[in-house]
Structure formats: C-alpha cells, structure tokens
Amino acid sequence: MYVPEKIEKILFTEERLKEKVSLLGDDLTTEYSGKNPLFICILKGAVVFFSDLIREVKCPLEIGFFRAASYVGTNSSGKVDVDESTLPDIKGRDVVLVEDIVDTARTLSALKEIFLRHEPKSLKIACLLDKPSRREVNGFKADYRCFEIEDLFVVGYGLDYEQQFRNLPYIGVYKP
C-alpha cells in the first residue's frame with residue numbers, strides 16, 4: 001500500500017470506509033425510498049465519498065454538483081466562495097447535501113442558508129467526517145455522518161492538502 005511520507009498515520013482504512021459508507025447508504029435508502037431525492041455533491045472534496053455513497057443507496061435518486069470552498073492550505077479562510085447561479089433546481093425536492101467534512105461549519109451553514117432560500121421540500125446534510133471540537137457555528141449538526149474525529153488535519157479519500165492526496169484510498173493524518 002502506498003503511504004506518502006507526509007502521512008503520519010492511517011486513521012481509517014479503505015475497508016473501514018467501505019463499511020461505514022455502506023451503513024450510511026442503508027440509512028438513506030430507508031429514509032428516501034419512494035421519494036426520488038436529489039443528492040448534491042459539494043465539490044471537490046466530497047466527490048470520492050459521494051460516488052461510493054450513491055451506489056449504496058438502493059432507491060431511485062438524482063445527482064447534482066455544487067462547488068464551495070473555504071480552505072487555503074490547512075486553514076479555513078473564513079470566507080465561503082460559492083457561485084449560486086450553478087445551483088441545481090431544488091424547489092420542492094428532497095435534497096441531500098453530501099460533504100466530506102464538517103469542521104467549523106461556516107461553509108455548510110452558509111450553504112444551508114442558500115439552499116433553503118430555494119425552497120426544497122426537505123434538506124438534509126450527510127458528511128463523511130465530523131469534527132465538532134472545531135465548530136464555530138453553535139448548534140450546527142449534520143443529519144448523517146460516518147465518523148467523528150479529533151482536531152486533526154486529514155487527507156485521502158477525496159480530502160486534500162493543496163490539491164494533493166485526494167487519490168489515497170484511505171484517510172490519513174497529514175503531517176506538515
């Protein structure tokens with residue numbers, strides 16, 4: 001297995017990721033059976049998780065993509081960069097936002113506000129990783145999550161450091 005020297009340790013193996021994503025897929029299948037939900041991938045970090053997750057949901061669904069960014073290097077910039085004109089039509093739809101990590105929650109809180117203005121029937125957030133110790137938006141919680149983690153900077157399985165390491169099949173702790 002390829003482990004770059006910048007990876008301090010493997011936090012979640014490929015097998016563990018598959019197991020948790022499958023369980024989340026089961027939960028989403030139960031909730032959205034018969035509803036034809038719209039799953040929206042928050043680009044770029046969630047794309048690997050999103051691809052695996054939608055294949056585990058065993059009911060009809062549609063997909064969309066939306067780009068949001070707030071990181072520069074290992075730090076959140078505090079500014080959420082979005083182009084609202086690229087938002088799929090969500091009015092009256094059951095929508096599931098799929099995100100890689102909930103950290104400060106500034107990005108997802110801003111996205112939730114934007115999406116709610118477009119009047120979906122329902123809006124839920126599914127994330128791969130949740131880092132509640134870094135939360136800056138009080139009371140913000142994802143509706144679904146695979147893992148809760150400590151305050152670590154992690155890469156792999158779509159998560160990056162300066163656009164690198166997204167292709168790793170596991171999640172590792174990055175060492176600067």
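Our structure's up above, just so we're on the same page.
The rules behind each value
- Residues numbered from 1 in each chain as written.
- Predicted model: local features only at pLDDT ≥ 70, side-chain atom pairs only at ≥ 80, totals over all residues.
- Heavy atoms only, no water.
- Helix = DSSP H or I, 4+ residues; strand = E, 2+ residues; numbered from the N terminus.
- Salt bridge = Lys/Arg side-chain N within 4 Å of Asp/Glu carboxyl O.
- Buried < 20%, exposed > 50% of the residue type's maximum accessible area, 1.4 Å probe, protein only.
- Contact = heavy atoms within 4.5 Å.
- Phe/Tyr/Trp six-rings, centres within 6.5 Å; stacked < 30°, edge-to-face > 60°.

1. Here's the deal with unusual backbone geometry
Here Leu-43 and Lys-44 are connected by a cis peptide whose omega angle stands at 5 degrees. Along the chain, the position of Lys-44 falls in the loop between strand 2 (38-43) and helix 2 (47-56). For Asn-36, which is not glycine, the phi torsion reads 50 degrees and is therefore positive. Summarising the element assignment, Asn-36 is placed in the loop between helix 1 (14-32) and strand 2. Of note in the backbone geometry, Glu-162 takes a positive phi value of approximately 50 degrees without being a glycine. Counting through the fold element by element, Glu-162 comes out in the loop between strand 8 (154-155) and strand 9 (171-174).

2. Observations concerning the pattern of salt bridges
Applying the stated criterion to the full structure yields 15 salt bridges. Asp-52 is the partner of Arg-55 in a salt bridge, and the nearest nitrogen-oxygen pair spans 2.4 Å. Pair noted here: Arg-55 and Asp-52 are both in helix 2, with a separation of 3 residues, about one helical turn. Exposure remark for Asp-52: the relative accessible area of 23% places this residue in the partly exposed category. One connected set of salt bridges, linked through shared partners, spans Asp-103, Lys-131, Arg-134 and Asp-151.

3. A closer look at the environment of Gly-158
One can find Gly-158 in the loop between strand 8 and strand 9. A residue is classified by how much of its surface remains accessible, and Gly-158, at 0% relative accessible area, is buried. Between the C-alpha atoms of Gly-158 and Asp-100, which are 58 residues apart in sequence, the distance is 7.6 Å. Those residues in contact with Gly-158, other than ones at most four positions away along the chain, are Gly-45, Val-48 and Arg-166.

4. Quick notes on the packing of aromatic side chains
What the rule picks out here adds up to 8 aromatic pairs. Ring centres 3.8 Å apart and planes at 25 degrees place the aromatic pair Phe-12 and Phe-147 in the stacked group. With Phe-12 in strand 1 (residues 7-12) and Phe-147 in strand 7 (residues 144-148), the pair connects residues that are 135 residues apart, well separated along the chain. Of the residues examined, Phe-12 reaches a relative accessible area of 12% and is grouped as buried. The exposure class of Phe-147 is buried, given its relative accessible area of 5%. Taken together, a centroid distance of 5.7 Å and an interplanar angle of 55 degrees make the contact between Phe-165 and Tyr-174 tilted. Each member of the pair, Phe-165 as well as Tyr-174, carries the same accessibility label: buried. Grouped by ring-pair contacts, the aromatic residues Phe-153, Tyr-161, Phe-165 and Tyr-174 constitute a single cluster.

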